[in-house]
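So the chains spell out like this:
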Amino acid sequence: MLRRFCSYYKYYKGLFALDMTAALISSLLSLLSPAIVRYILSTALPAGLFIQIIWLLIAIIVVYMIQAGATFIRIKWGHYLGVWMENRMRSELFAHLQCLSFSYFDKTKTGTIMSRITNDLFNIAEVAHHCPEDFLISIATIVGAYAFMFAFSWPLALVSIIPLPVMLIYGIIFNHRLKERNRAIRRTIAEVNVAAENSIQGIREVKSYSREKLQESRFDESNTRLKTSREKMYQTMAQYQTGISFMRDFYYFMTIAGGIILIAMNRVEAYDLVTFLLYVSVVLPPIDRLINFTEQFTQGMASFERFTEVLDIKPQIEDKPDAKPLVVKNGTIDFSSVSFSYETEDRSIVIDNLSLHIPGGAKAALVGESGAGKSTIVALLGRFYERDGGSITIDGTDIDDVTQKSLHESIGFVQQNVFLFDASIRENLRYGKTDATDDEMWEALRNANLYDFVSSLPDGLDTEVGERGTRLSGGQKQRLSIARIFLKDPQILIFDEATSSLDTESEKLIQDAFDRLAEGRTSIVIAHRLSTVKDSDIIFVIDKGQVKESGTHQSLLEAEGLYYRLYSLKD
């Protein structure tokens, strides 16, 4: 896992080298000032070399300036390194998600996917920048400082090093506890937000059932848990800050006490004690870095593991190596002994040995009770799911032998729950044809019976539709979806229960627009309202994933079978 993580540095070798070089220079330069001060106190000052002292003091200022420059490079370009690696990973993850099949999204919550794209990748970026840098700075500074300290006075160095392991272990343990407390707070904050969101979004139900007190009680439970979590976090914080502050002071104390005793024993000079105190101030920040390093590295690797888990998921449906673009001539569709079941625990059969034939250019209808398998049939035609058996062909060509891109370009879907992007009408229309001109878009709107509405808007095509099209009515969204299909101009149309929840007037406008769109194309209509499929060339009655009946509206009524019963009940 670590090797795979490190492989991303290869794209930015120069930047990584610059960051590490700046970090190393900054660390090593921080060791020079105490050594220069020791030389001044031990040699230059007693000898009265005042000119030399001035130059040495200037040298310390120059060291500080170089350090400042190295720090600027480290902070700026080090963060750039993390951001660029995060950007590459996010693009790689998003591109991979686009390739995954519907089955992955059926099983994975949107919030989980968004967490991978945002939170996990941010953690990875922090690790990519800080961990190598912090580790190098900490080791170089601590080892370098004690190399000088042992060279100047090994007895005092031994005395001063005693508190360091204790500080490091104590800090790592409590840093982990603090992170756990913070995670608990984030979880309880999420609970509070959910409780508040549910109550606010459902305020009409709350008031109509007079359940204000119940909602207050539920909210208070979450709010109390948040208060308790915060109290525990601040208690742990107090213990950590108190302990680490005491140990810092004790570190200084050990150095001072050891120095005083050794001075009294004539084992060290006073200037050595001053030098050691300066080195103590140099060593303490790297200790903090190492304490944070362990937790940050662990958290970052966990995030990277979740990131790679998604990348390692193979698309369930992939093009064959020799797949060719689909060329639709007549649009004849054939299902032959097709079977399918979703990836659920019981693996119940949804489509069972289904066969049907739709002539090119015909208008076919799929009818049946909810859950009969109608929408699954058209999803299999688009190869959004891989069937378990049988074959599906378009103009005699098996859809497994063509590229998915060409297959999807040849089919236009108008669904019951239309998805519109939070953008303008223009941008949503251009999803059907990216280079569509304004004239083409207005013509598509006219064909979809939406021209008058859009032209009456102050911003026209530039009108924002809102998130998921909330600023439009259900019928307007459907017609905008149809206009988008007009621009796409596919050879095969799927009309999936697109008018089931609309009023009669909207249904008539949409039906008229769809009829106009379906001219000269093979179309499949799925409808609950059987009156809308009377004029279909062929109607397939689906029940439990099988074709129970097929024929025209009139012939099916005369047969007085399942279609007759459905028609009598619903129409």
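In case you missed it, the structure is sitting above this.
Attention here is on the structure that accompanies the text. (Residues numbered from 1 in each chain as written. Predicted model: local features only at pLDDT ≥ 70, side-chain atom pairs only at ≥ 80, totals over all residues. Heavy atoms only, no water.)

Some words on the sheet that holds strand β6 (residues 411–415)
In sheet architecture, strand pairing relies on hydrogen bonds along the backbone and comes in two forms, parallel and antiparallel. Read from one edge of the open sheet, six strands run β6-β7-β8-β3-β9-β10, paired in mixed fashion. Single-partner strands in this sheet number two, and they are β6 and β10 (546–551). Strand-to-strand twist in this sheet, taken as the mean axis angle between neighbours without regard to direction, amounts to 20°. Sheet topology note: the strand β3 (residues 363–367)/strand β9 (residues 538–543) ladder contains four bridges and is parallel. In the strand pairing of β9, Val367 is matched with Val541. Strand contacts of helix α12 (residues 374–381): β3, β6, β7 (492–496), β8 (522–526) and β9, with the helix running at about 150° to β8, the strand carrying the most contacts. Along the sheet, helix α17 (residues 474–488) contacts β6 and β7; its crossing angle with β6, the most-contacted strand, is approximately 175°. (Pairing = 2+ DSSP bridges. Helix = DSSP H or I, 4+ residues; strand = E, 2+ residues; numbered from the N terminus. Axes fitted to C-alpha atoms, helices over the stretch in contact; angles between N-to-C directions. Contact = heavy atoms within 4.5 Å.)

Some details on the sheet that holds strand β4 (residues 389–394)
Taken in spatial order, the four strands line up as β2-β1-β4-β5 in an open sheet, and their pairing is antiparallel. Strands at the two margins of the open sheet, each flanked by one partner only, are β2 (349–358) and β5 (397–398). Judged from the two bridges that link them, β4 and β5 form a sheet pairing that is antiparallel. When the sheet's bridge partners are listed, Thr393 is paired in β5 with Asp398.

Observations concerning α12
Here α12 lies mainly inside the structure; seven of its eight residues are buried. Within α12, burial applies to Lys374, Thr376, Ile377, Val378, Ala379, Leu380 and Leu381. Trailing α12 by a residue or two, Arg383 shows a phi angle of about 55°, which is positive. (Buried < 20%, exposed > 50% of the residue type's maximum accessible area, 1.4 Å probe, protein only.)

With respect to the packing of aromatic side chains
In this structure the tally under the stated criterion is 26 aromatic pairs. Aromatic pair Tyr8 and Phe304: ring centres 6.2 Å apart, planes at 85°, arrangement edge-to-face. Placement of the pair is Tyr8 in the loop between α1 (2–6) and α2 (13–29) and Phe304 in helix α11 (residues 270–311), with a sequence separation of 296 residues. Each member of the pair, Tyr8 together with Phe304, is buried. With a centroid separation of 5.7 Å and 55° between ring planes, the pair formed by Phe340 and Tyr385 is classed as tilted. Note that Phe340 is positioned in strand β1 (residues 333–341) and Tyr385 in the loop between α12 and β4, a separation of 45 residues in sequence. Counting every residue linked through ring pairs, the aromatic cluster contains Phe5, Tyr8, Tyr9, Tyr11, Tyr12, Phe16, Trp77, Tyr80, Trp84, Phe304 and Phe307. When the ring centre of Tyr11 is taken as reference, the NZ or CZ atom of Arg88 above it lies at 3.7 Å. Over the ring of Phe174 we find Arg177; its NZ or CZ atom is 4.8 Å from the centre of that ring. (Phe/Tyr/Trp six-rings, centres within 6.5 Å; stacked < 30°, edge-to-face > 60°. Lys NZ or Arg CZ within 6 Å of the ring centre and 35° of its normal.)

What to know about the side chain of Asn428
Among the secondary structure elements, Asn428 is positioned in helix α14 (residues 425–429). Looking at Asn428, its side chain comes within polar contact range of the main-chain nitrogen of Phe421, at 2.8 Å. In this view, Asn428 contacts Leu420, Phe421, Ala423, Val465, Leu480 and Arg484; residues no more than four positions away in its chain are not counted. (Polar contact = N/O pair within 3.5 Å; in protein donor to acceptor, adjacent residues only side chain to side chain.)

Section: unusual backbone geometry
Here Asn266, not a glycine, exhibits a phi torsion of approximately 60°, which is positive. Topologically, Asn266 is positioned in the loop between α10 (212–264) and α11. For Arg383, which is not a glycine, the phi torsion comes out positive at approximately 55°. Relative to the helices and strands, Arg383 resides in the loop between α12 and β4. What makes Arg383 buried here is its relative accessible area of 5%.

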